[in-house]
Structures are given as C-alpha cells and as structure tokens.
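# An overview of the molecular structure
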Amino acid sequence: MPPFEPILLANIGNADSHTLAGYEAVGGYRALRKALTEMQPVDVIDVVKSSNLRGRGGAGFPTGLKWTFLPKDHPGPIYMCINADESEPGTFNNRILMEEDPHQVIEGIILSCYATRAQTAYIYLRYEYPQSLKRLQQALDECYAKGYLGKGILGSQFSLDIYLHRGAAAYICGEETGLIESLEGKRAWPRIKPPFPAIEGVFHKPTVVNNIETVACVTQIVNRGAEWFKSIGVPSDPNNPRDPGSYGPKLYCLSGHVNKPGCYEAPLGITCRQLIDEYGGGVWKNRKAKAAIPGGISMGLLTEAELDTPLDFAGPGKVGCLGLGTAAVVVLDETVSMVDFLHNSCRFFQHESCGQCTPCREGTAWSLDMLNRIKAGRGRLKDLELLLEIGDSIGIIPGTTICGLADGAAWPIKNAIRKFRAEFEEYIKRTNPKGYAETHAVPALISAGAH
Amino acid sequence: MAVVLIDNREVEIGDSERLNGIQAAERAGVEIPHYCWHAGLSVVASCRMCLVENGQKNKETGQVVMQPKLVPACQTPAKDGAVFITDSDKVRQARAQVEEALLIDHPVDCPICDKAGECRLQDYHFEHGQKERRADIRPFTSRKREMGETVTLFVDRCVMCTRCVRFCREISGSAELMVINRGSHEEIDVLEGFPLDNKLAGNVVDLCPVGALGDRDFLYQQRVWFLKRHASVCSGCSTGCSIWGEENQDRLWRLKPRENPHVNQWWMCDEGRYGFHHVHSDDRQVGPRKRDADGVMANVDWAALPDDLSARLKKAGQLAAVLSPHLTVEEAYMLAHYIRGLDPQAVIALGPVPIEGEDERFPNGFTIRAEKCPNRRGVEEVVRFFGGIMSFTEFLGELDKAQIRGVWVSGGYKTDWLDASQANRFASLEVLVVQDMFVSPLWELATYQLPGGSFAERDGSYVNHADRLQRVSWIIRPPSGAWVEGALFWRLQNRPGLYDSRRILAEVAAEIPYYSVAWGEIPETGVDLKLNQLAAAR
Amino acid sequence: MATERVLTDEMVAAITALFPRYPTRQAVTLPALHIVNAQLRYVPIQAVVEIARLLELAPAQVQDTLSFYGFFKQDEPHGRTRAWVCRSISCALRGGEEVLDHMCHTLGIKPGETTADGRVTLEFAECLGACDFAPCMLAGDTLHKNLTPETADKAIASLP
C-alpha cells in the first residue's frame, strides 16, 4: 500500500509548527480568509455536509448534518463547545494536534463557528494535557493579536471569542452533555435527550459540540473542497441510502505491543493488520498478536483472525465490536491474559461511571467486584454468565442508560468473554478448583476500595 | 383529545393535558414502578425503573411500530397514538435488573427501618424483583448521618434517586443537600456548617422512596402498618395545606401532606408538619370546672353542664360570643346561633387572629402565611353574617361599655393567645365561659372552664386565605374529659343523635350566601367559594 | 466564630476576571477550584464556602461539583509535585502497573498519599493520552515517557 501523504499531520515535524508564523508559512488561515470573503455561513455548512465528514470523537455522527439541527432563526447566543477531553484509553491524536498544530485546530473552530453563527466557543480541555493548554493559549493569544479572533474578524461582521476551560480528570466530561454540565459548573451527569444540544445545550442555548480532529478536518475541507475529502476513504454503500460512508483521512493511534507506537494518518478503511504491520512496525518482540482493541477500549476486541477488519465506521461492527470509536488501536500479544485485560477495563469503567443511572452505576461496580474476585482465585463459572448478562443489559443500545459510557463498559465484557471463553473458564477452574462450580451467591472479596 | 394505548387499554388524554407514560398508565389502572420521577420535580430519568416499550400506532392503518429500545416512561410524552407496553418479558427483565442493582449495596435492614411497610424498594422487590440474590454477599453497613435538626440520613439505604437534592434546589431554593463523590461511591450529604434547615425540609422525607431519609420527630415511634390516616387540613396558617393525620389508637403520630393542586401541591411546611405535639401535651385541660358561689373552681360533670350553661347564660342579660379562627365553619355557625338563641341581641365577634412575621413565598409559589390559624376567612364570614365583622380589639372596646354581661369565648389556640391586660377586660362579667385546651389568663378568670378540642379532633370545614373550603375529618378522639366544640354545640342546640358536620354545612350553605356552593358533596381538594360570585353574577 | 479568609485578593481577582466569559457565575466553578488549588495545593471547605459566596451559589453546590472529580484534596495540601502514573490499558500492557507498584515501594506511600517530606504525591491516572510513550507519568506539567522502574526512580529523584 503506498504511504499516505499526511494532510492533518503535514506540519508536524517542523520546529515552528505550533506558531502562527509557522502555520501561515504553509498556507494557514487561507481557508478562513476564503470563508469570510467568499462564503456565507450556510455555504460552509453545505461544503461540510457534502463532504460527509463524520465526527471523529467516537460517535461518528455526520458533522454537517449535526450543524443543521440548530434552529434556523434563533436570536442567539449560539455556542460551540470543542471537545478536547480526549480520555478514551488508547487515544492521543487530539493531543498531538493541539500540541503540534494548534492553529489548524483553531482555524477549524473559527470556521465552524462562522458556519453555525456561534459567537463564543469553549475548548473543554482535559486536565492531563498541560502542554496542549500552553500551546493552545499561546496560539489563541497570537490569533487575538492578529485579528483572527475578537470583534470583527478580518474586517468582517463576524466576531468570536474562544476560551479554554480546563477539566479535572473525569472521563465522562467527554460525553457531549456531560461536557456541557461540567462547563456549566455542575457535576458532569449527562442529560437525558431530548432535548438535544442543538436545541437546548449549554446555558440552555443552542449548542454544537465537536471533536478536535473533526474541526481540523473542517479546515482542510474548506481549503481543499468536499470532493477532495470524498476522494479519500471508503465510499458509502450504494445499496444503503442511509450509509454516509467513511470519508477522509483519519488519525489512527497505535499503541500496546507494537514496535512503533504512534499516531499515523491514513485514509479511513485501512485494516487493523495494515496499521500494525505497515505503520507500526509489527507486533513487538517477534510475537504474534492475540487480540486488538479497534477504536479505544470501549469498542471491545478483535481476535487475531479478525485483524483484517477494515477500520472504517462500518467495519468493526461487523465482527461484534461496538464501532470505530476513536480509531485507537491497542495491540495485545499472545502473552496477555484476557482476565487481566478485562479486569483493567472493568476497573476503568467503574472508576469513571458518573453514577447517575442505576444500571451503569451498579453494573460497572458489580463487574469489577467479580473480576477482582476472579483474579483473587475465587471466581466461578457463574460469574461469566452474570458478566454477560450485565454486558447485554446496560447501555443506550438496549435503552437502559442515559449515555453510552455503559455501552463502552459492556462491550469489552461481551467481546472478551464471548471471543475468549475457553481462556476465562480455564483460568477460573485452575485458580479456584474447589469453588468454580458454585452457583449461589458467595461472600464478597473485601479489598481496600479507592475512589 | 389524544388516545394512548397502555397494554392495549385505551386512555384518553385531554388536549391541554401534558402527561407522561407513568401518568397515562395510572389512568389505565396500571402502575409503572418508579423512584426518581415526581410530578413536582424536574425529570431526570435516572433510576431507570420505569423503563417500558414504546411505539406509535398509525391512526389510518392501525399498524403499530414499536421502538427497539426501552424508554423511561417518565420522560416519554403520552401523545396521540402513543403505545406503551408495560408487561412484556423485556420490560419485566429490565425492572428486575434495576431492582437487583439497587439491592447490591443495600443493607436490607427492614427490621430496624422506619420505612418498612411504605417502602418502594420492598414493594417493588416483592412485585418485580429477582427471586434470589446473585451479587456477592457483603458485610453489613448501615451508617446514620444527621442532615439537620429534623432530618436524618441512613446513608447506605439511599438509591440515588436525587429527589431530595432536587427538592432543595427547585422547591425550597436552599440547596443544602448535595451528592458527593462519583459512581458507586456516591452519597447524599450536607456541607459541614450548612445543615438542612429550610422551612420545607420535612418534605424530603416524604419524597424519599426508601428508608434513607427519616423524620427525627417520628423515628422509631410507630410501625406504619398500625397507622390509620384521615384526610384533614393543617391548622398552622391560612394557606390550609391538605394533610393526612396518621394515628393509632387515638394517638396522633405524624402529619403528612395530602396532594392538592389548588392549595399545596405535594408539600407542607415544617411548622405545620411537626406542630401537633400540643395535642398530646400533659398541659391539656381535661374535666370541666365551674366557679361556685364563693368563687372557688370545682370540678363538675359534663352531663348536667349543657342545661346549666344555657340557664345561666339566659339569666345573665346581654350576651356575646367570641369566635376563634380555630373553630370550624360549622362550629362557628352553631355557636353563633346558640348564643343568639339565648339573646337575640347578642354580640358576635371574631377572636384574636394570630399574625407572626410576613408571608414567606418559595420559588415554586408555595407560601407559608403570616396568619397562623386555619379558618379566619370562614369564621369571619359567619361573624359578618351575624351582624358585621367585629375584630377582637373592637370587641374589647364593647366590653368596656359594661353592657355585656355574659360572654362565651372559644379558644383552641396552640400557644398563648392573649395577655393578662386583655383578659382583665373580661373581669367584671356576670358569666364568662372559656372553652379552650390550655390554661391562659382568661381561663383563670372563667366562670366555666370547658376543655375543648384540638384541630386533630375536629370534624368540619375550614376556609383558607383564597376562599377555598376544605373538609377536615376528625383524626383522634379527644382526651377523656374534653368535649370537642362541634359535638358540644350540637348538644347545646339539642340536636338529636351524634354530631354530623355535613348536616351543619348544608344549613350554612342554605343560610349564608358566601357559603352557597358548599351545599353538596365537597371534593377531597375542597371547593372554591368564590364560585358563588359567578353564580350570583349569572 | 470568625474564620480566617482563605482566598487571597489575587485569587478573587483571577476568579472574577473570568465572569465575563460565561453567562452564569456557576460556570466559573471549575476554573475557580483550579485557581485556588494551584496556589494552595488543596481546596479546604472554607475555600469552598468563599468560592460559593463569590459565585452566588449555595456552598453545597460547589462541594457537590468539587467532590465529583475526585481530583481536589480537601484535608491537607498535596505534595509539591503530584505524580500521576497511568494505569490504563496501553500503559498496563507495557509495564505501567509494575512501575506504579515500584514507586509505591520506593516512596513508601500508596496512590493518593504524600511523602512525609511533602515532596511528592503519588496518584494513579486513567489514560494520560500519551500511549505512544507508554508507560508514562505526568509529574506536575512534565510528561515522563517510556518508564521503567529505574527511570521512574530517576524521574522522582529529579523532582524538587
């Protein structure tokens, strides 16, 4: 496969890529000038809509379509929230964009706000990215000084303020309405929908929430056009009018048991195996892959036999994963215990569950309790049944929870146990020969709980 | 008119009604279990107990299309053509799973929990829950934490429905209760130094669907299955909140608000809620007493007293009656008629109207009123009918003219209601009848001391600040030796049989125009007497 | 009982300077907590009360938000450096748990605790977003990459 010429990562590697001068030297803010002088806001919405750009934050919702949900003649204010809370385990592409090419992101924000008539944008930035905070703030300062932000941008009628808002280490703030609640100063409990943010979002006003990589794509789409964007990736299925396709370049994150972990830009649709072998230098230590997470831990697991799955929006779902998610691939080699993997996943979701709705709050805690007990040598085969029942019952897909964190908690459970059942059973029988067949409730493992 | 299907039963929803699935189902006689939803609070749909299947029926084709996923009934509008399925296997399983989830960390200490018998966790487990425990068995913890002076929290019983937190933010506006921590470690708490102390605090105990929040006033006092409840009205102020009085064997144990969309919605204030202990005070006067010829008070028998009173009053000369705003409408009417019967020129006056501070209005409109009695409006209209409104102060002026020789004063106040200087203006009467619960400066001067009833013993009607008449049923019998006003006046008027306040109200409605709409069956939520003006205007 | 004011004039000025950015004062809650935490290295209850007054909120509302994150210490300040060691999947696959265990032993504390000399507070983090350099640790504002128990010791030793 011929190497893909990076677009989103094109400037990374230049020493001054994060400065305004460096950005403008390679054509930066040309798209903004074009939009403000030649395009109306609705034209920007149209080009993004025609490009079929789908959100890069994990849900893959068509961006242009989302923008059209805003009420047409709303007196305002309309808000834009940029989701820089990137917390999905395995994911780090937003970090790289913000640290190394913040202006590409900011130009995308300004274009998106121009399109949606937002006059204030908040970048909700996770606490753990201090370098991104520094680089973004510097870039914003440069923009204000240059007149790319503030009142009457480039002499137009369009005014925009962008503010950085720092999080405090909670994964659920990456959920659209969890972010909104956190921004409003409350606990980040996601809201019930309807109403959707486009109708009633932050401060009860129409709001669009977009991911960092998504807005970077907006910059490139305005620069190069919708047709350019659609020349990359996987076209929509002609037999399915509802399929928006998987267009454009994608920043794939690769980590875990590979020789060259890193962020690699490729057209949407490369397979997991291609990513590992052609970009990642192959599985490390001359080992074989046992499994791979396809798109952040919430998406579940691919077995080694499933590594030829294309990593586009439709691919992982066909082999029982939740979806493409953040396209963050994490490779597990043949020495990894799936029990350890699942324990790590359950521990993560128990820690991050916001606690608002019963199935997720109690289901994630119950799952971890069982994994703790299994790892302590007191597991039962019955536990696998209960784990699968939890996995099948919690989430927005069955309709039992308010947000998708529960689905993210459920999928690793379902995939790990269903795709590696024999390993779980062997582990339980081996470590708890006297008690693995017990079906009645057993005493809890008492461990020092930590928040 | 919208038509909604609940498990294939049709329910009609009016055009101006905005109901959710739970409310529509209720109309069909189906109970959709729920914890976090409450009609008076915001919708959060977080407990997930009310999950149902939802779909839409096409009016033309009759075809029903169901959504593949479950939805919370509390956040699903019951609009025209909506289909709700509440009893499928899918729904039953989801409910059982939620119920099971809530019990994982729950101490299940029903034997020592006040809520047993009126607990949703118990009821739903019995009706909808799993057959046996599948989660690990945990060691017992049931921590107790004081939220304030009136409310206690049993932390581990909480199911995180957040009704209490939302109440403090949305209704009382005081926001003392909060959620702390995240995920399965979440608890309800108050910030140290800022306890729960707003005037509506007790409502959070009503709202709590489980035994987490408890009333310190009621804690460990009675098992709720021994309590019988009776519909009444709070006597604390002129708002006239509808209440339930809950008693066992003539002991009043607690008051709870009764839902009334016209008056108090679902709420009552703490002063009313906890303001009933005077009913069982050791200071309640029991056993009538009469001053003999030497001026010494002696115990007398109730049996002979009515005839003695009538004879003594008739002989006295000009009479007067002071009608307390704690009397029911029926009692005020009977007393006035009785005194006028003895003396057609008798003066009828209103008793002191206790005012404390100012009206206090809460964000949702609920108001605690400064007028601290339940029936000033009602008694006032009786007084007006019998010759024009005369206030207590005006009456004292009348007394000073020294023409009135015999006065019947009804009291029934909870606390001190007049001082010695006011009492002394009654000092030179020929006959002074004081009917009251507690000793007062006036009681000490009485010729006849008649122990009367409290609000909990009265049967009749009150009229609140907004001219709404509501019926109160008697909750308990008076202490032995007290004769409740209504029953005594019935006897004084020589009416046959037992006291029947409905008969009196019908007479009031027939005789006093203000009360004309109160002649028939009075609804549980009362009747707006201003309707008589509409009738008069026609 | 007069309690000493905890928020300095500078903190109050920094907090109020943010008011124009948002249509509600409540939205300044998290930024205010960060401002206080950056100076004091914790947010005691008294600070919560003062922030609430400034933001015209009930104190419980601010505490509710604060406690959700599990981020702000309230009983005593954290160490001069807070060392966050990632325990999520990518770091765990490359030895992150062993690094954290090792650091606990070296420093003699558990995650969440501070060394006796007040130098370092050890914390576990969930996915620091630096999986390309797993296993890693965020100490203050510095990301320490590709850690082994030995390099972790060196990194800790180099902290102020």
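Calculation rules
- Numbers given to residues run from 1 along each chain, matching the order in which its sequence is written.
- Chains carry letters and ligands carry numbers; both start at the beginning, A for chains and 1 for ligands, and go up in the order they are written.
- Side-chain atom pairs in this predicted model are given and counted only at pLDDT of 80 or more, local residue features only at pLDDT of at least 70, and totals for whole chains, interfaces and linings cover all residues.
- Comment: elements are numbered from the N terminus, with helices defined as DSSP H or I runs of at least four residues and strands as E runs of at least two.
- Only the C-alpha atoms count toward the radius of gyration. The rule for a globule is 2.2 Å times the residue count to the power 0.38.
- Whether two residues are in contact is decided by their C-beta atoms, placed from the backbone, lying within 7 Å.
- Strands are labelled as partners when DSSP assigns at least two bridges between them.
- Working definition: the nonpolar core is a set of buried Ala, Val, Leu, Ile, Met, Phe, Trp, Tyr and Cys residues, joined through C-beta atoms within 7 Å.
- Exposure is read from a count of other C-beta atoms within 10 Å of each residue's own; the residue is exposed at 12 or fewer, buried at 20 or more and partly exposed in between. C-beta atoms are placed from the backbone.
- Only the contacting stretch of a helix is used when fitting its axis, a line to C-alpha atoms as for every element, and angles between N-to-C directions run 0 to 180 degrees.
- Here the angle decides the label: under 35 degrees means roughly parallel, over 145 means roughly antiparallel, 65 to 115 means roughly perpendicular, and every other value means oblique.
- Here is the rule for handedness: rotate from the far helix to the near one, and if that takes an anticlockwise turn smaller than a right angle the crossing is left-handed, while a clockwise turn gives right-handed.
- Residues are grouped as follows: nonpolar covers Ala, Val, Leu, Ile, Met, Phe, Trp, Tyr, Cys and Pro; charged covers Asp, Glu, Lys and Arg; every other residue, Gly included, is treated as polar.
- For the domain bounds, the source is a domain assignment made automatically or taken from a database.
- Here the arc refers to the set of directions running from the helix axis out to each C-beta atom.

## Notes on the overall build of chain A
Counting its secondary structure elements, chain A contains 17 helices and 11 strands. What you see for chain A is a C-alpha radius of gyration of 23 Å, in line with the 22 Å of a compact globule of 451 residues. Seen through its C-alpha atoms, chain A measures out along the principal axes to roughly 80 × 50 × 45 Å. A fraction of 69% describes how many contacts in chain A between residues 6 or more apart in sequence connect residues 24 or more apart.

## Regarding the overall build of chain C
Secondary structure summary: chain C contains 7 helices and 4 strands in total. Along chain C, from the amino end to the carboxyl end, the secondary structure elements read α-α-α-α-β-α-α-β-β-β-α. A principal-axis box enclosing the C-alpha atoms of chain C has dimensions of 50 × 35 × 25 Å. Expressed as a percentage of contacts within chain C between residues at least 6 apart in sequence, the contacts between residues at least 24 apart total 61%.

## Observations concerning the sheet that holds strand E10 (residues 302-303) of chain A
Residues and elements named next belong to chain A. Ordered in space as E8-E7-E11-E9-E10, the 5 strands form an open sheet in which the pairing is mixed. Unpaired on one side and paired on the other, strand E8 (262-267) and E10 mark the two borders of the sheet. Here 6 bridges tie strand E7 (residues 249-256) to E8, and the two strands are oriented antiparallel to one another. Each bridged residue has a counterpart across the sheet, and for Leu254 the counterpart in E8 is Gly262.

## Notes on the environment of Leu531 of chain B
As for its position among the elements, Leu531 of chain B is in helix H15 (residues 531-537). Sequence separation between Leu531 of chain B and Ser516 of chain B is 15 residues; the distance between their C-alpha atoms is 8.9 Å.

## Considerations on the nonpolar core
Grouped together as the largest cluster of nonpolar side chains are 353 residues, with contacts concentrated most on Cys81, Ala292 and Val329 of chain A, Leu177, Leu323 and Ala349 of chain B together with Val85 of chain C. The residues touching Val85 of chain C, leaving out its near neighbours within four places in the chain, are Gly96, Val99, Leu100, Met103, Leu122, Phe124, Ala125 and Met137 of chain C.

## Considerations on the sheet that holds strand E16 (residues 297-299) of chain B
Residue and element names in this part refer to chain B. Across the sheet, which stays open at both edges, the 7 strands sit in the order E16-E15-E23-E22-E21-E17-E18 with mixed pairing between neighbours. At either end of the open sheet lies a strand with only one pairing partner, and these are E16 and strand E18 (347-350). Neighbouring strand axes in the sheet, compared pairwise and without regard to direction, differ in orientation by 15° on average. Where strand E15 (residues 289-291) and E16 come together, 3 bridges link them in antiparallel fashion. Within E16, the residue paired with Lys290 across the bridge is Ala298.

## Things to note about the packing of helix H5 (residues 93-100) of chain A against helix H7 (residues 130-146) of chain A
Residue and element names in this part refer to chain A. Where H5 contacts H7, the two axes come as close as 8 Å, and the packing angle between them is 40°. Taken together, H5 and H7 sit at an angle that is classed as oblique. Judged by the sense of rotation from one axis to the other, the crossing of H5 with H7 is left-handed. Contact residues: Arg95, Met98 and Glu99 in H5; Gln131, Ser132, Arg135 and Leu136 in H7. In the contact of H5 with H7, the residues fall into 2 nonpolar, 2 polar and 3 charged.

## Structural notes on the environment of Val279 of chain B
Residues and elements named next belong to chain B. Residue position: Val279 is located in the loop between helix H6 (270-273) and E15. Judged by the 22 C-beta atoms lying within 10 Å of it, Val279 falls in the buried class. Through-space distance from the C-alpha of Val279 to that of Glu457 is 8.9 Å; in sequence the pair is 178 residues apart. The residues contacting Val279, other than those within four sequence positions of it, are Leu252, Ser454 and Ala456.

## Brief notes about the interface of chain A and chain C
Contacts between the two partners involve 43 residues from chain A and, on the opposite side, 34 residues from chain C. Ranked by the residues each element gives to the side of chain A that touches chain C, the list is headed by helix H13 (residues 338-352) of chain A, at 5 residues. Residues of the side of chain A that touches chain C, tallied by class, amount to 21 nonpolar, 14 polar and 8 charged.

## Side note on the interface of chain C and chain B
Contacts between chain C and chain B engage 10 residues on the former and 13 residues on the latter. Examining the composition of the side of chain C that touches chain B, we find that 7 residues originate from one element, helix H4 (residues 59-69) of chain C, more than from any other. Grouping the constituent residues of the side of chain C that touches chain B by class yields 5 nonpolar, 4 polar and 1 charged.

## Looking at the domain arrangement of chain C
According to the domain assignment, chain C contains domain 1 (9-69) and domain 2 (81-157). Here the C-alpha centre of domain 2 of chain C lies 29 Å away from the C-alpha centre of domain 1 of chain C.

## Considerations on unusual backbone geometry
Trans is the common state for peptide bonds, and a negative phi is the common state for residues other than glycine. Along the chain, Gly76 of chain A connects to Pro77 of chain A via a cis peptide bond; the corresponding omega equals -5°. Assignment of secondary structure puts Pro77 of chain A in the loop between helix H4 (63-68) and strand E1 (79-84). In this structure, the amide linkage connecting Ala134 of chain C to the following residue, Pro135 of chain C, adopts the cis form with an omega of -5°. Positionally, Pro135 of chain C belongs in the loop between strand E2 (120-125) and strand E3 (137-139). At His204 of chain A, a position not held by glycine, the phi torsion is positive, near 65°. Among the structural elements, His204 of chain A can be located in the loop between helix H8 (176-183) and strand E4 (207-211). On the basis of neighbour count, His204 of chain A is assigned to the exposed category, with 12 C-beta atoms found within 10 Å. The phi torsion at Asp250 of chain B lies on the positive side, around 65°, for a residue other than glycine. Along the chain, Asp250 of chain B falls in the loop between strand E13 (242-248) and strand E14 (251-257).

## Some details on helix H3 (residues 120-128) of chain B
Within H3 of chain B the residues assigned to the buried category are Arg120, Leu121 and Tyr124 of chain B. The arc that holds the buried residues of H3 of chain B, viewed along the axis, is 95°, so those residues lie on one side.

## Some thoughts on the pairing of strand E21 (residues 406-410) of chain B
The two faces of a sheet get side chains in turn, since along a regular strand they alternate between them. Residue and element names in this part refer to chain B. By the criterion of burial, E21 is predominantly enclosed, with 5 of the 5 residues buried. Of the two faces of E21, the one carrying Gly406, Trp408 and Ser410 and the one carrying Val407 and Val409 are both buried. With 4 bridges connecting them, strand E17 (residues 319-323) and E21 associate as parallel partners. Residue pairing in the sheet places Leu319 in a bridge with Gly406 of E21.

## Description of the domain arrangement of chain A
All names here are of chain A. Structurally, chain A comprises domain 1 (20-231), domain 2 (246-333) and domain 3 (338-431). Relative placement of domain 2 and domain 3: their C-alpha centres are 22 Å apart. With 10 residues of domain 2 at the contact, the number on the domain 3 side is 11 residues.

## Let's talk about the packing of helix H8 (residues 329-342) of chain B against helix H13 (residues 485-492) of chain B
All names here are of chain B. Where H8 contacts H13, the axes come no closer than 9 Å and their chain directions differ by 30°. With respect to H13, the element H8 is oriented roughly parallel. In terms of crossing hand, the pair formed by H8 and H13 is left-handed. Residue-level contacts link Glu330, Glu331, Met334, Leu335 and Tyr338 of H8 to Glu485, Gly486, Phe489, Trp490 and Leu492 of H13. Grouping the amino acids of the contact of H8 with H13 by side-chain chemistry returns 6 nonpolar, 1 polar and 3 charged.

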